Amino acid sequence: MQLTRTGCALRATSRRWATISNRFLSFTAARAQSNAATDTNPADTSPAYPPRPPGLYLYGGIGQFKQPNPGSESQRSADRGFSSTIDDKKYPKDLHYNVSKQILEHVGRKLYLQPNHPLYLTRKLIESAFSEDQGFNNRLEPNPVVTVKENFDDLGFPADHPGRSRTDTYYVNQDHVLRTHTSAHELKLFSELKEDLYAGSHGYTLCSDVFRRDSIDRSHYPVFHQMEGARTWRLVTANEILDPNEREAIASHERRLNLRAMKDDLERLPLWRYRAGRDIDPKLHDQAALDLKAEDPHPNFDPATNPLQPSHTAEEIELVASHLKLSVEFLLAKVFRQAQRAGIISRTEPPRVRWIPTYFPFTSPSWELEVWWQDEWLEILGCGISQQQLLVKAGIPESVGWAWGIGVERLAMLLYGIPDIRLFWSQDRRFLGQFREGEATRFQEFSKYPECYKDVAFWVPDADGKVENGGEEAETLPPPTVGIEGEQRAVDSVATPSPSPSSSGAAAPAGGHNRSSSDSAQHHPSFHENDLAEIVRDIAGPLVENVTLVDEFFSEKKRRRSLCYRIMYRSLERTLTNEEVNEVHEKVRRRMEEQLGVELR
Ligand code: PHE
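Predicted model only: the values in this text are computed from it and were never measured.

**With respect to the overall build of the protein chain**
Secondary structure summary: the protein chain contains 18 helices and 17 strands in total. Residues counted as buried form 62% of the 601 residues belonging to the protein chain. Taking all contacts inside the protein chain whose residues are at least 6 apart in sequence as the whole, residues at least 24 apart take part in 72%. Surface summary for the protein chain: the accessible area is close to 22,900 Å², and the carbon and sulfur share equals 49%.

Shown next as C-alpha cells:
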C-alpha cells in the first residue's frame, strides 16, 4: 500500500526502490549482528537487529522483530485433526495456518508452463542466458509447500527476521510455509549438483511460484514468480585422497590451477569478450544490447560493509563476482534488446544498470542490480557469493558459488510494458493472445474499465498512546488473522509478531514485500496493513487494484488512532456496477470489524 497513488505500476514502487542507499548506510551493523545471530543458537531470540531505516528491505532486512508465537500447547492440540491439502499433499493444520482460499486457488496454475504466456516467455528468455548447454540445469519446482527450515533456517535467517512473521508469510502449519522465495530450494539443488558436477553441470536455474502476504498495488500480488540462478566451481578437487602431510601444499596448488579455470570461464562470457574487444559471434549483437552501460562504483567487497567470507581469497572472489555480474548483465542486455525491438525503450541511448552492495543472510558479499527505467532506478535482482556454510551442508564444501534471484513478473512488466501485475493471471484472450514466442511485443491495453473507489475509516483498537514507542507491549495484544478458507477463526491468543516499522518492507528481486504507506500505521501493535490487504484480497479477489492509506490522525481526547484507507476497485475485464462494489465493500467493512477488531467510523 502506498501513501500516494500513482498511475504507473513500475513507478509505483520506485519510492521504495529508491531508498536502497539509505539502507546500505545502516546494514553494516545489521550484518555484524546477524552474523553473530546465525552463529548462535537459533532459538535465542534476543534482539539482534537495530531498527530498519525506512524503505524497502530484501531478505537480509533489518528490523526488530519477534518470533511468531505458536500459541499454547492446548490451543495447538485443540486444532489437531484438521488437515489441508495443497498440491495433492495433506498437511496437518494448527493455529499457525493463515492461508486463504483465494491464495490456494492460485496453487497449481503453473503459468510458467503455459506456452506463449508472458511469464513462460520471460522464463525462456532467462533460461536462454543460463542454458543447459552452458552447464545450468533448468529446473522447476511445482509444489509450493516447503518447511520453515528450508525457507529460513537452512539459509541462516536469524530467528527474529521479519520475513518469518505470520503477517508476512503464509503458514500451512507451524513447520510448513508456502515458499516465500525460490532460495528455499537452494540447499537441495546445491546438494544435487554434487552428483551433477561430475556430469558436467555446475549450476542451475529454478522457476517457481512464491507467496508473500503483502500490500496491494499494481505491481504487488501475493502470488508471483521468481527465478533463481546459481553457479559453482570446485576450488580443490582431490582433497579427499590426500595424505594429510601433503594436503595443504597440494590443495593450494590445485586451488591455483582451478583459479586459472575460473578465469577461462570468465573470459568466455560474451560481455567480457565484447568489452575486451575480442571476437564474438555476430548473432550476439542481435540478441543482446551489448553496449549496456553498467555502473559499479563500489569495490566488490569491503571488510566492514560487504565482507569476504573467511574461506575465500580476494583473488577468487574478484573472479567469481565478475563472472556473476557479467552473466547477469548479459541477461539484462537480452531483455533490453527485446524491449528496444518492441519500441518500449530507446534504441539510441545505451541501457543503464548499476550495482549496489547489499546484504542477504545466505550470501556474502551481496549486491542488488538496478536498471534505469523511465527516468528512475528500479531494483530488479539480488545476488551474491553463496555462504560457504550452505555449500558445506550441501556436501560440496570445496566449491565456491554465486546465486541470484529475480522476480519474473517484474522483468516481464519491463519486457512487455505490462502495467498491472493482476493481468498475468488473466485468462482473457485479449491479454493472452498478444504474446508469441520469438516476437518482441509491446502490450496494448485492450480496455480501461472505470475505477470505483471506496474509503474506509476506523479507529485502531486498543490505542492508548503507548503504541508510538515501538510496540513494547505487542505480545499482549490480540493479533488478527484473516481469510482462513472463508471461515473465521478465533485465534485471539496467537500473537502475531509485533509489526515493526518495516515489517512489510519490499523484497524486490523477490518481487515481494511492499513498503507500508505509513510507519505509524505499520507500527501499531494491534493493526497491520498486511492483514487488511488480506481481507480485501479474500473478498474482492482480482477486483481490487490498490489499497492506499489516505488519512491518519491521533485523537488526544480518545487516545486512539484513526486511519482511513482508500480501496480502489477495478476489473481488468468488465465494468463494475456501483451496487456490486458497494456489496463487496460492505463485506470488507464487516470482516474488518470481526477480524481486525477495528471500530468503523
Ligand atoms: N531470495 C532472495 C529474495 O527473495 C534473492 C536472492 C537470491 C538473493 C539468491 C541472493 C541470492 O530476496
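Right, picking up where we left off after that structure.
**Some remarks on the packing of aromatic side chains**
Centre-to-centre distance and the angle between the planes together describe a pair of aromatic rings. All chains considered together, the criterion is met by 20 aromatic pairs. Ring geometry for F157 versus F362: centroids 6.0 Å apart, planes at 20°, classification stacked. Remark: F362 occurs in the loop between strand 10 (352–360) and strand 11 (363–373) and F157 occurs in the loop between helix 7 (148–151) and strand 5 (171–173); sequence separation between them is 205 residues. The interplanar angle of 70° and the centroid separation of 5.0 Å between the aromatic rings of Y416 and F435 together place this pair among those described as edge-to-face. Linking Y416 in helix 14 (residues 408–416) with F435 in the loop between helix 15 (429–432) and strand 14 (452–459), this pair joins segments that are 19 residues apart in sequence. Exposure remark for Y416: the relative accessible area of 1% places this residue in the buried category. By relative accessible area, which is 1% here, F435 ends up buried.

**Observations concerning helix 14**
The element helix 14 is extensively covered by neighbouring structure, given that nine of its nine residues are classed as buried. Looking only at helix 14, the buried set comprises V408, E409, R410, L411, A412, M413, L414, L415 and Y416. Trailing helix 14 by a residue or two, G417 shows a phi angle of about 70°, which is positive.

Conventions used here
Residues numbered from 1 in each chain as written. Predicted model: local features only at pLDDT ≥ 70, side-chain atom pairs only at ≥ 80, totals over all residues. Heavy atoms only, no water. Helix = DSSP H or I, 4+ residues; strand = E, 2+ residues; numbered from the N terminus. Buried < 20%, exposed > 50% of the residue type's maximum accessible area, 1.4 Å probe, protein only. Contact = heavy atoms within 4.5 Å. Areas by Shrake-Rupley, 256 points an atom, 1.4 Å probe, with all protein chains shown as cover. Phe/Tyr/Trp six-rings, centres within 6.5 Å; stacked < 30°, edge-to-face > 60°.

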